[in-house]
Amino acid sequence: MAFQDLTSDIRAAVPALRGRLLANQDLSALTWFRVGGPAQLLFTPADEEDLAYLLGRLPEEIPVTVIGLGSNLIVRDGGIPGLVIRLGGKGFTEIAPEPDSRLRAGTAVPDVKVARAAADAALDGLAFYRGIPGSIGGALRMNAGAHGGETTDVLVSARGVTRKGELVTLSHTQMGFTYRNSAASTRDIIFTSALFQGRPGDQVAIQAEMDRVTQAREAAQPIKERTGGSTFKNPEGGKAWKLIDAAGCRGLRVGGAQVSEMHCNFLINTGGATAADVEGLGEEVRRRVKENSGFELQWEIKRLGIAA
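Figured I'd write up the structure that's included with this text. (Residues numbered from 1 in each chain as written. Predicted model: local features only at pLDDT ≥ 70, side-chain atom pairs only at ≥ 80, totals over all residues. Heavy atoms only, no water.)

Describing the sheet that holds strand β17 (residues 226-227)
Item 1. Read from one edge of the open sheet, 4 strands run β17-β20-β19-β18, paired in antiparallel fashion. This sheet does not close on itself; its edge strands, each paired only once, are β17 and β18 (253-254).
Item 2. As judged from the 3 bridges shared by strand β19 (residues 257-259) and strand β20 (residues 267-269), these two strands associate in the antiparallel manner. Bridging from a neighbouring strand, Ala 257 pairs with Asn 269 of β20. (Pairing = 2+ DSSP bridges. Helix = DSSP H or I, 4+ residues; strand = E, 2+ residues; numbered from the N terminus.)

Given below as structure tokens:
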């Protein structure tokens, strides 16, 4: 489907806009599942100032959605109405060590690059980011974690832009981190950078830890497939993959989507899957797990947009 083209109206309201604004842009290529429909408007801001400029002048009735690397995302087949923002470019991809064993990173930086930058600076405590497929923006919203570490363990503060175009900085406490979530996920803030606290460490030991994380991930997860990372959160008192396996869902298919044989908390696009196939498979897994064990699995993967 195609949405109404709003680019002329938006550009008239923001004549000094420097970023890229495009109508009806396919989003499937921007997600790891390679499924989904278009964005009504796709905006890639030049920098934080450009982002604030547009948001401060954007009509309130136009919804705003932010996407990152698309590693933990299903875009539904009907696409996403309104403005979709994808951060990129120099303004959001810089990483720099700071005094007192700290590291600042733009939110478009992949998590793995933060781990590498910390290792290069001999900063311990951030190696767990090596095992997370995504960007720092998503890590802030979801309190991303892996291999014994979480974002809440290392974040000092996060900077961002509100829906009204105001610049704000949130402390660790204000982020309100919980398991795979944060209070910030309910607020209209687009994060632009984050400040992390590491600790002095041995570069060789840190690299060895990163290598261990890499090997563990490659051995246990279908990282070479069209997938989206862990599909469901671990419920209290259980492991999602064990519950899925016990419910007989390993290898289960819906259309072109399949539960991974390698790790059954991962869904895979085997080729030609639609977003409806992937989401429908996830819902069938949830139904079977509930019927088999009584556990009600909660989605960890974000699902955005409208059905076709």
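Description of the nonpolar core
Item 1. Grouped together as the largest cluster of nonpolar side chains are 32 residues, with contacts concentrated most on Tyr 129, Met 175 and Phe 196.
Item 2. Counting residues per element, the ones that place at least two in this core are β7 (102-106), α3 (111-120), α4 (136-142), β11 (155-162), β15 (189-197) and α6 (203-220).
Item 3. With residues near it in sequence (within four places) discarded, Phe 196 still touches Ser 101, Arg 102, Leu 103, Ala 105, Leu 126, Tyr 129, Ile 136, Val 154, Leu 155 and Val 156.
Item 4. Among the nonpolar cores identified, the runner-up in size contains 23 residues, and Val 35, Leu 243, Cys 249 and Val 278 belong to it. (Core = buried A, V, L, I, M, F, W, Y, C linked by side-chain atoms within 4.5 Å. Buried < 20%, exposed > 50% of the residue type's maximum accessible area, 1.4 Å probe, protein only. Contact = heavy atoms within 4.5 Å.)

Section: the sheet that holds strand β3 (residues 64-67)
Pairing between the strands of a sheet comes from backbone hydrogen bonds, and it takes one of two forms, parallel or antiparallel.
Item 1. Spatially, β1-β2-β5-β3 is the arrangement adopted by the 4 strands of the open sheet, whose pairing is mixed. Edge positions in the sheet fall to β1 (20-26) and β3, since each has one partner strand and no second. Ignoring which end each strand starts from, the neighbouring axes of this sheet average 30° apart.
Item 2. Relative to strand β5 (residues 80-86), strand β2 (residues 38-44) runs parallel, the two sharing 4 bridges. Across the sheet, residue Ala 39 finds its bridge partner in β5, namely Ile 80. (Axes fitted to C-alpha atoms, helices over the stretch in contact; angles between N-to-C directions.)

A few points about the side chain of Arg 180
Item 1. If you trace the backbone, Arg 180 turns up in the loop between β13 (177-178) and β14 (181-182).
Item 2. Beyond its immediate sequence surroundings of up to four residues, Arg 180 is in contact with Met 142, Asn 143, Ala 144, Gly 145, Ala 146, Glu 150, Lys 233 and Glu 300.

As for helix α2 (residues 48-57)
Item 1. Among the 10 residues in α2, 7 count as buried, and that is most of the element.
Item 2. The residue sitting at the N-terminus of α2 and contributing the capping side-chain oxygen is Asp 47; that oxygen lies 3.3 Å from the backbone nitrogen of Glu 49. (Polar contact = N/O pair within 3.5 Å; in protein donor to acceptor, adjacent residues only side chain to side chain.)

With respect to the side chain of Ser 260
Item 1. Assignment of secondary structure puts Ser 260 in the loop between β19 and β20.
Item 2. Here Ser 260 falls in the buried class, since its relative accessible area comes to 2%.
Item 3. Here His 263 takes part through its backbone nitrogen, which lies 3.1 Å from a polar atom of the side chain of Ser 260.
Item 4. Among residues more than four places away in sequence, those in contact with Ser 260 are Pro 222, Arg 250, Gly 251, Phe 266 and Ile 268.

Thoughts on the pairing of β3
Item 1. By the alternation rule, side chains of β3 split into Thr 65 and Ile 67, which are all buried, and Val 64 and Val 66, of which none is buried.
Item 2. Alignment of β3 against β5, held across 4 bridges, turns out to be parallel. Paired with Val 66 across the bridge in β5 is Ile 85.

A look at the pairing of strand β6 (residues 95-98)
Item 1. Relative to β7, β6 runs antiparallel, the two being bridged by 4 bridges. If you follow Ala 96 over to β7, its bridge partner there is Arg 104.

Comments concerning the packing of aromatic side chains
Item 1. Taken as a whole and judged by the stated rule, the model has 3 aromatic pairs.
Item 2. Measuring from ring centre to ring centre gives 5.7 Å for Tyr 129 and Phe 196, while their planes differ by 70°; the resulting arrangement is edge-to-face. In this pair, Tyr 129 is assigned in the loop between β8 (123-124) and α4 and Phe 196 in strand β15, connecting sequence segments 67 residues apart. Side by side, Tyr 129 and Phe 196 carry an identical accessibility label, which is buried.
Item 3. Three or more aromatic residues joined by ring pairs make a cluster, and in this case those are Phe 128, Tyr 129 and Phe 196. (Phe/Tyr/Trp six-rings, centres within 6.5 Å; stacked < 30°, edge-to-face > 60°.)

Some remarks on the pattern of salt bridges
Item 1. Taken as a whole, this structure holds 18 salt bridges when the rule is applied.
Item 2. Of the charged contacts, one joins Arg 303 and Glu 279 as a salt bridge, the two residues approaching to 3.2 Å between their closest N and O atoms. In this pair, Arg 303 is assigned in strand β21 (residues 302-304) and Glu 279 in helix α8 (residues 275-293), connecting sequence segments 24 residues apart.
Item 3. Residues Glu 283 and Arg 286 are paired through a salt bridge, measuring 3.0 Å at the closest nitrogen-oxygen approach. Note that Glu 283 and Arg 286 are positioned in helix α8 at a spacing of 3 residues, about one turn of the helix.
Item 4. Here the residues in one salt-bridge network are Arg 76, Glu 279, Glu 283, Arg 286, Lys 290, Glu 296 and Arg 303, joined through shared partners. (Salt bridge = Lys/Arg side-chain N within 4 Å of Asp/Glu carboxyl O.)

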